[in-house]
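Descriptive structure summary
Residue strings, one per chain:
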Amino acid sequence: MRIILLTLEDTRRFGRILARSVMRASPGAFLLYGELGAGKTALTRALVEALPGGNAAEVSSPSFTICNIYCTAPQVRHFDLYRLEPGLPDEALEESFDDPAALTIVEWPERLAERDMPDNGLICRLEPGPDEGSRLAEITALGPAGQRCLTVFASLYSSVS
């Protein structure tokens, strides 16, 4: 599914709809690809703030801490792997993928070794859009849980568009 995000408010709406989708059908992991400044953290902030308990979360990029945990429902574990060596496993990340009560968001998942990729999730690629300042978001499913969540997202997104 490809979506053009013309403004920051479009990105926030996209994140809010993702949050509603996650609450109905947890994908397990949410993998965010995109260059520096693509909007990965802005999208994460919108998603987290739309979850129950998210209004108290101070969402920021965990570039230096590697992981931020937000006390939302479901709990969000937000990883930024930009500063890690490619292919270097992170034990906390592996455990997060196996926790059905949490949503694991990973910025820079291309730094994971192929063997460490989750079996289920949503993949979102953010890249420059057709207009200056716009973004193109391409969202795909990984595994059955990811497909269920993407189906819910597509339904919710089409009902508000």
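1. Notes on the environment of Ala57
Looking at the element boundaries, Ala57 is found in the loop between helix H2 (40–50) and strand E3 (67–70). Ala57 gets classed as buried once you look at its relative accessible area, which sits at 16%. As a C-alpha pair, Ala57 and Asn120 span 63 residues in sequence and 25 Å in three-dimensional space. In this view, Ala57 contacts Val48 and Tyr70; residues no more than four positions away in its chain are not counted.

2. Observations concerning helix H4 (residues 143–160)
In this model H4 runs 26 Å from its N-terminal to its C-terminal C-alpha over 18 residues, within 8% of the 26 Å that 1.5 Å per residue would give. Looking at H4, one finds that the buried residues are Ala145, Gly146, Cys149, Leu150, Phe153, Leu156 and Tyr157. An end-on view of H4 places all buried positions within 130 degrees of arc, on one side of the element. Those residues of H4 that are exposed and angled more than 90 degrees off the buried face are Pro144, Arg148, Ser158 and Ser159.

3. Here's the deal with the packing of helix H1 (residues 8–24) against H4
Contact pair H1 / H4: the axes reach a minimum separation of 9 Å and the direction vectors enclose 135 degrees. Relative to H4, H1 is oriented oblique. Along this stretch, H1 crosses H4, giving a crossing that reads as right-handed. Contacts between H1 and H4 involve Arg13, Phe14, Ile17, Leu18, Arg20, Ser21, Val22 and Arg24 from the former and Cys149, Val152, Phe153, Leu156, Tyr157 and Val160 from the latter.

4. Focus: the sheet that holds strand E2 (residues 29–33)
The 7 strands are arranged E1-E7-E6-E2-E5-E4-E3 in an open sheet whose pairing can be described as mixed. Of all the strands in the sheet, just strand E1 (2–5) and E3 have a single pairing partner and so form its edges. Pairs of neighbouring strands in the sheet enclose a mean axial angle of 20 degrees, with direction left out of account. Direction of pairing for E1 relative to strand E7 (residues 135–142): antiparallel, over a ladder of 4 bridges. Paired with Ile4 across the strands is Leu136, a residue of E7.

5. Quick notes on the pairing of strand E5 (residues 102–107)
Consecutive residues of a regular strand have side chains that alternate between opposite faces of the sheet. In terms of burial, E5 is largely enclosed, as 6 of its 6 residues are buried. Here E5 shows two buried faces, one formed by Ala102, Thr104 and Val106 and the other by Leu103, Ile105 and Glu107. Pairing of E2 with E5 involves 4 bridges; the strand directions are parallel. Paired with Leu32 across the bridge in E5 is Glu107.

Cut-offs applied
- Residues numbered from 1 in each chain as written.
- Predicted model: local features only at pLDDT ≥ 70, side-chain atom pairs only at ≥ 80, totals over all residues.
- Heavy atoms only, no water.
- Helix = DSSP H or I, 4+ residues; strand = E, 2+ residues; numbered from the N terminus.
- Buried < 20%, exposed > 50% of the residue type's maximum accessible area, 1.4 Å probe, protein only.
- Contact = heavy atoms within 4.5 Å.
- Expected span 1.5 Å × (residues − 1).
- Arc of directions from axis to C-beta.
- Axes fitted to C-alpha atoms, helices over the stretch in contact; angles between N-to-C directions.
- Parallel < 35°, antiparallel > 145°, perpendicular 65-115°, else oblique.
- Left-handed = near helix turned anticlockwise from the far one by under 90°.
- Pairing = 2+ DSSP bridges.

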